[in-house]
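# Observations on the three-dimensional arrangement
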Amino acid sequence: MFSIHTITNKPWSVEQCIARYAAAGVQGITLWRYNFEGRDPAAVGRMIRDAGLSCTGLARAGFFPAVTGAARSAAVDENRRAIDEAAASGAPVLVLVCGAVPGQPLEVSRGQITEGIAACLDHARAARVKLAIEPLHPMYADDRSAIVTTAQANDVCDALGSPPEVGLALDVYHTWWDEALPAEIVRAGQGNRLFSFHVCDWRTPTVDLLNDRGLMGEGCIPLRSLKAQVRAAGFTGLDEVEVFSTRWWAADQDDYLARIVRSWQEHCA
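Predicted, not measured: the structure shown is a model, and the values here were computed from it.

This part is about the side chain of D171. Mapped onto the elements, D171 comes out in strand β6 (residues 166–171). According to the relative accessible area criterion, D171 is buried, its value standing at 0%. Polar side-chain contacts of D171 include one of 2.8 Å to the backbone nitrogen of Y173. If sequence neighbours within four positions are ignored, D171 has contacts with E134, H198, C200, R213 and E242.

The next subject is the packing of aromatic side chains. A complete count under the given rule lists seven aromatic pairs for this structure. Taken together, a centroid distance of 5.7 Å and an interplanar angle of 70° make the contact between W32 and F244 edge-to-face. Residue W32 is located in strand β2 (residues 28–32), and its partner F244 is located in the loop between β8 (239–241) and α9 (246–249); the two are separated by 212 residues in the primary sequence. Accessibility assignment for this pair places W32 and F244 in one class, buried.

On to helix α8 (residues 223–232). Each α-helix winds once per 3.6 residues, and so residues spaced three or four apart point in a common direction. Listing the buried residues of α8 in full gives L223, L226, K227 and V230. Projected down its long axis, α8 shows its buried positions confined to an angular sector of 100°, all on one face. Those residues of α8 hidden inside the fold are in contact with β6, α6 (172–175), α7 (181–190), β7 (194–199), β8 and α10 (253–267). Where α8 terminates, the next one or two residues include G234, which has phi positive at roughly 110°.

A separate point is the packing of helix α2 (residues 41–50) against helix α3 (residues 69–89). The N-to-C vectors of α2 and α3 enclose an angle of 35°; their axes lie 7 Å apart at closest approach. Along this stretch, α2 crosses α3, giving a crossing that reads as right-handed. Contacts from P41, A42, G45 and R49 of α2 reach α3 at E85, A88 and S89. When grouped by side-chain class, the residues that make up the contact of α2 with α3 number three nonpolar, two polar and two charged.

When you tally the buried positions in helix α5 (residues 150–159), you get seven out of ten residues, the bulk of the element. In this fold, the buried residues of α5 make contact with α4 (106–127), β5 (130–133), β6, α6 and α7. Among the residues trailing α5, G161 stands out with phi positive, at a value near 90°.

Another point: unusual backbone geometry. A cis amide bond, omega -5°, links A59 with the succeeding residue R60. With respect to the helices, strands and loops of the structure, R60 is situated in strand β3 (residues 54–62). Despite not being glycine, F63 shows a phi value in the positive range, around 50°. Of note, F63 is situated in the loop between β3 and α3. The phi dihedral of S162 is positive, around 55°, even though this residue is not glycine. Within the fold, S162 resides in the loop between α5 and β6.

Now for the pairing of strand β4 (residues 93–97). Burial of β4 is extensive: five of the five residues sit out of reach of the surface. With burial as the criterion, each face of β4 is covered, one bearing V93, V95 and V97 and the other bearing L94 and L96. Relative to β4, β3 is paired through four bridges, and the arrangement is parallel. Directly across from L58, in β4, lies its bridge partner L94. Of the crossover connections in this fold, the one passing from β3 over α3 to the parallel β4 is right-handed.

Definitions and cut-offs
- Each chain has its residues counted from 1, following the order in which its sequence is written.
- Only residues with pLDDT of at least 70 get local features here, since the model is predicted, and only at 80 or more are side-chain atom pairs given and counted; chain-wide, interface and lining totals rely on the full set of residues.
- The side-chain values count all of the structure's non-hydrogen atoms but skip hydrogen atoms and water molecules.
- Put simply, DSSP H or I for four residues or longer makes a helix, DSSP E for two residues or longer makes a strand, and each gets a number counted from the N terminus.
- Only protein chains enter the accessibility calculation, which uses a 1.4 Å probe. A residue is then buried if its area is under 20% of the maximum for its type, exposed if over 50%, and partly exposed in between.
- Here a polar contact means two N or O atoms within 3.5 Å. Within protein one must be a hydrogen donor candidate and the other an acceptor candidate, and residues neighboring in sequence count only if both atoms are side-chain atoms.
- For this analysis, residues touch if any pair of their heavy atoms sits within 4.5 Å.
- A pair of aromatic rings is counted whenever rings of Phe, Tyr or Trp (Trp by its six-membered ring) have centres within 6.5 Å, and the orientation is called stacked for planes under 30 degrees apart, edge-to-face for over 60 and tilted otherwise.
- What the arc measures is the spread of directions leading from the helix axis to the C-beta atoms.
- To get an axis, a line is fitted to the C-alpha atoms, and for a helix only the part in contact is used. The angle between two axes follows their N-to-C directions and goes from 0 to 180 degrees.
- By convention the crossing between two helices is left-handed if the near helix lies anticlockwise of the far one by an angle smaller than a right angle, and right-handed if it lies clockwise.
- Only Asp, Glu, Lys and Arg are considered charged, only Ala, Val, Leu, Ile, Met, Phe, Trp, Tyr, Cys and Pro nonpolar, and every remaining residue, Gly among them, polar.
- One requirement defines pairing of two strands: DSSP has to find at least two bridges between them.
- With strands facing away from the observer, any crossover in which the path from the first strand over the helix to the second runs clockwise is taken as right-handed.

Written out as structure tokens, the structure reads:
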């Protein structure tokens, strides 16, 4: 059973994604915040439930680091708004792309990330929304995330006192290369921190480091092995297909959706 991030079918509206996913037998949908433009998050959530889908999460918030205190406070306010959107739409998990500041030491940014999440904890707890730290590939360490390994994400959870509201979104695209990943998956599982599991593939050669992800089976990521590890560590949620791809966005989206279903069945089911 699996879910699809709406960004995977970026040319479609959220209404089209909901209708097409349900018709294709997909079990869940992960929303992106752009899906709420001109729409009421609660109404989007009702559409999802009425279609028989499960809302697996909302992407994305985070981006806590900043040079000034005012900018960091504004980031916390924006994350609180995202928490409210998640709660209104019925998304149980809010994915955090934690952010970084070019030229600022990474350890400083990590400290600001920890402080920012701490400032959002009471709000998330009251809204019953979990916060999932997503470690990104090191190629994004300059401005997208100072959290680039699963170990660093686990360390932030530890620094916060391991609250049940904070855990990890494990994306295979960002983490598959890390020799410490198996041990860190176990560590996350022991802390009940595995909130989301995102699947796609790493193409060779990759021609665009942001928008050239592959469908499962198009690349070199050991998907079945990683899935087995997160399942053994206690993760019970849906796989979430998340593909950024100008190549696939330019394709016929109905044909593409059929390919997504087949690729998940062949390489992840």
